[in-house]
Amino acid sequence: MNEELARWERIKLECEKSIDTHGAIIEAVTDRGKPVLRKNPAIETLQKAQAEIEKLRKTIGDGINLD
């Protein structure tokens, strides 16, 4: 479970780097050669990573017995 948490944290870091480097809106070219503006897909992946990290931390925390 800790390995999965570490993986999602790495994904989150990469998404943050992508957003910092490219911004939230990126320029793309359609298959017909027309320029368009698109939302950086890293934004959605970042949201998913944050949710997974929160879920895993809660699961790991629930599994700890403090007695």
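Coordinates for the structure precede this section.
Here we summarise the structure given alongside this text. (Residues numbered from 1 in each chain as written. Predicted model: local features only at pLDDT ≥ 70, side-chain atom pairs only at ≥ 80, totals over all residues. Heavy atoms only, no water.)

## Some thoughts on the overall build of the protein chain
When helices and strands are counted, the protein chain shows two helices and two strands. When its helices and strands are written in sequence order, the protein chain yields α-β-β-α. A compact globule built from 67 residues should have a C-alpha radius of gyration of about 11 Å, whereas the protein chain, at 17 Å, is more than 25% larger. Overall, the protein chain is about 65 × 20 × 15 Å in size when its C-alpha atoms are taken along their principal axes. A buried classification covers 16% of the 67 residues belonging to the protein chain. In the protein chain, the proportion of contacts linking residues at least 24 apart, taken out of those at least 6 apart, comes to 53%. Surface exposure of the protein chain reaches about 5,500 Å², of which carbon and sulfur atoms provide 51%. Across the protein chain, the mean location of the 12 positive side-chain charges is 7 Å away from that of the 13 negative side-chain charges. (Helix = DSSP H or I, 4+ residues; strand = E, 2+ residues; numbered from the N terminus. Rg over C-alpha atoms; globule rule 2.2 N^0.38 Å. Buried < 20%, exposed > 50% of the residue type's maximum accessible area, 1.4 Å probe, protein only. Contact = heavy atoms within 4.5 Å. Areas by Shrake-Rupley, 256 points an atom, 1.4 Å probe, with all protein chains shown as cover. Lys, Arg positive; Asp, Glu negative; His and termini not counted. Charge placed at Lys NZ, Arg CZ, Asp CG, Glu CD.)

## Some details on the environment of Ala-28
Along the chain, the position of Ala-28 falls in strand S1 (residues 25-29). Sequence separation between Ala-28 and Thr-45 is 17 residues, and the spatial gap between their C-alpha atoms is 18 Å. Once you skip the residues sitting within four places of it in the chain, Ala-28 turns out to touch Lys-34, Pro-35, Val-36 and Arg-38.

## As for the nonpolar core
By size, the foremost hydrophobic cluster in this structure holds five residues: Leu-5, Trp-8, Ala-49, Ile-53 and Leu-56. At the level of secondary structure, the elements contributing two or more residues to this core comprise helix H1 (2-22) and helix H2 (41-62). Apart from residues no more than four positions distant in its own chain, Leu-56 is found in contact with Met-1, Glu-4, Leu-5 and Trp-8. (Core = buried A, V, L, I, M, F, W, Y, C linked by side-chain atoms within 4.5 Å.)

## Thoughts on the pairing of S1
Counting buried positions over the five residues of S1 gives zero, only a small fraction of the element. Looking at chain direction, S1 and strand S2 (residues 35-39) are connected through five bridges and run antiparallel. Within S2, the residue paired with Glu-27 across the bridge is Leu-37. In textbook terms, the turn of a hairpin is the stretch between consecutive antiparallel strands, and for S1 and S2 this stretch comprises five residues, one of which, Gly-33, has a positive phi near 85 degrees. (Pairing = 2+ DSSP bridges.)

## With respect to the side chain of Asn-40
Take Asn-40: it is sitting in the loop between S2 and H2. From its side chain, Asn-40 meets the backbone oxygen of Gly-23 in a polar contact 3.0 Å long. One polar contact links the side chain of Asn-40 to the main-chain amide nitrogen of Ala-42, over a distance of 3.0 Å. What Asn-40 contacts, discounting residues up to four positions off in sequence, is Ser-18, Ile-19, His-22, Gly-23, Ala-24 and Ile-26. (Polar contact = N/O pair within 3.5 Å; in protein donor to acceptor, adjacent residues only side chain to side chain.)

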